[in-house]
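Descriptive structure summary
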Amino acid sequence: MRPTGRLHIGHLSVIENWIRLQEDYDCVFGIVDWHALTTSFDEVEALQQRIREIALDWLSAGLDPEKSPIMVQSQVKEHAELHLLFSMMTPLSWLERVPTYKDQLQQFGAKGKDISMYGFLGYPLLMAADILIYRATHVPVGLDQVPHIELAREVARRFNHLYQTEIFPEPKDILSEVPMLPGIDNRKMSKSYGNDIPLSASAEEIKEKVRLMVTDPGRVRKTDLGNPDVCVVHVYHKIYNNGEVADIGDQCRKAGIGCVACKQRLAAKLEAILGPIRERRATLLDKPNRVDEILADGCLQARAKTAETMELVREAMGVRG
Ligand code: SF4
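Calculation criteria
Residues numbered from 1 in each chain as written. Predicted model: local features only at pLDDT ≥ 70, side-chain atom pairs only at ≥ 80, totals over all residues. UniProt positions renumbered as here; feature names shortened; annotations may be inferred. Domains from an automatic or database assignment. Contact = placed C-beta atoms within 7 Å. Helix = DSSP H or I, 4+ residues; strand = E, 2+ residues; numbered from the N terminus. Nonpolar A, V, L, I, M, F, W, Y, C, P; charged D, E, K, R; others polar. Pairing = 2+ DSSP bridges. Right-handed = clockwise from strand over helix to strand, strands pointing away.

Within an unreviewed UniProt entry, the label attached to the chain reads Tryptophan--tRNA ligase, and the organism entered is Heliomicrobium gestii. In its Catalytic activity (unreviewed entry) section, UniProt records this for the chain: "tRNA(Trp) + L-tryptophan + ATP = L-tryptophyl-tRNA(Trp) + AMP + diphosphate + H(+)".

Structure, rendered in structure tokens:
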């Protein structure tokens, strides 16, 4: 995950999925700060702070560093070395045809930002190096990342073929079913819109964000019949309040519940989920060096794995370490 700053409740299901994977796989989780630079090379002041924030969010949400290392990409230099060596043998056309390449150039261009840089074109190859350096067999991704895993497979295949080796397995994607949570104003949830509910939200902040959530615009008075299908509050009830959602929907349709009460019930559910995360965060913050220690230890463990892979790669390519 890129260190883009504090995480919000929309990220929680991704982390919960990772926590489940920790039980079944030998995992490595990475904060990929070099990737952040591919599009934000000119916004570096807060980068270190964002790395700490994302690590804090992961740990508070329950990711267990005792089970799998949490590393920072720039602290494991072998990622860069493998990326460089891969760049020698990867056809340019493979990178140019990655669907997100042209899309993102256009999206950033529309916002007045030129990201047509060497590093941006190469970021899917850096991602392939991030995966293959651990000789990973599986990568949990969202649908939009599938082409990147396909590229990693192609790079593994080409490397193994060119150098007559079997160093790299071809990684498979594990598609996670992540519910799409809208922001409180029904737009895409984003910190930059201010419509998110941060994982670190206080009880008061949760209540306030829920209070501001967009409801059925056709329901002006409590006595008006409501339509939960067009209400953001109801989307959240569906995900976080499975036991009550059907009843709330019925009550809304016959004006048996008001929006204030409906929101209070949702705020209580969200507090039950985010409260323990907030407590774990406070415990971590009580020991100021704890997060740095966890990251340093994660990087050390990661380096042991990546150094082994690089010895094999250098030998295959005829270069020295
Ligand atoms: Fe939305 Fe609940 Fe109000 Fe119905 S009662 S419109 S579901 S907030």
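Take the domain arrangement of the chain next. When its domains are assigned, the chain resolves into domain 1 (9–181 + 288–317) and domain 2 (191–282). Between domain 1 and domain 2, the C-alpha centre-to-centre distance is 35 Å. Contacts between the two partners involve 10 residues from domain 1, matched on the other side by 8 residues from domain 2. In terms of residue count, the dominant contributor to the side of domain 1 that touches domain 2 is helix 3 (residues 47–61) (4 residues). Looking at the side of domain 1 that touches domain 2 residue by residue, the class counts come to 6 nonpolar, 3 polar and 1 charged.

Across 4 bridges, strand 3 (residues 138–141) lies against strand 4 (residues 172–175) in parallel orientation. Following the sheet pairing, Val 139 is matched in strand 4 by Asp 173. Once the chain exits strand 3 it traverses helix 9 (residues 146–162) before rejoining the sheet at strand 4, and the crossover so formed is right-handed.

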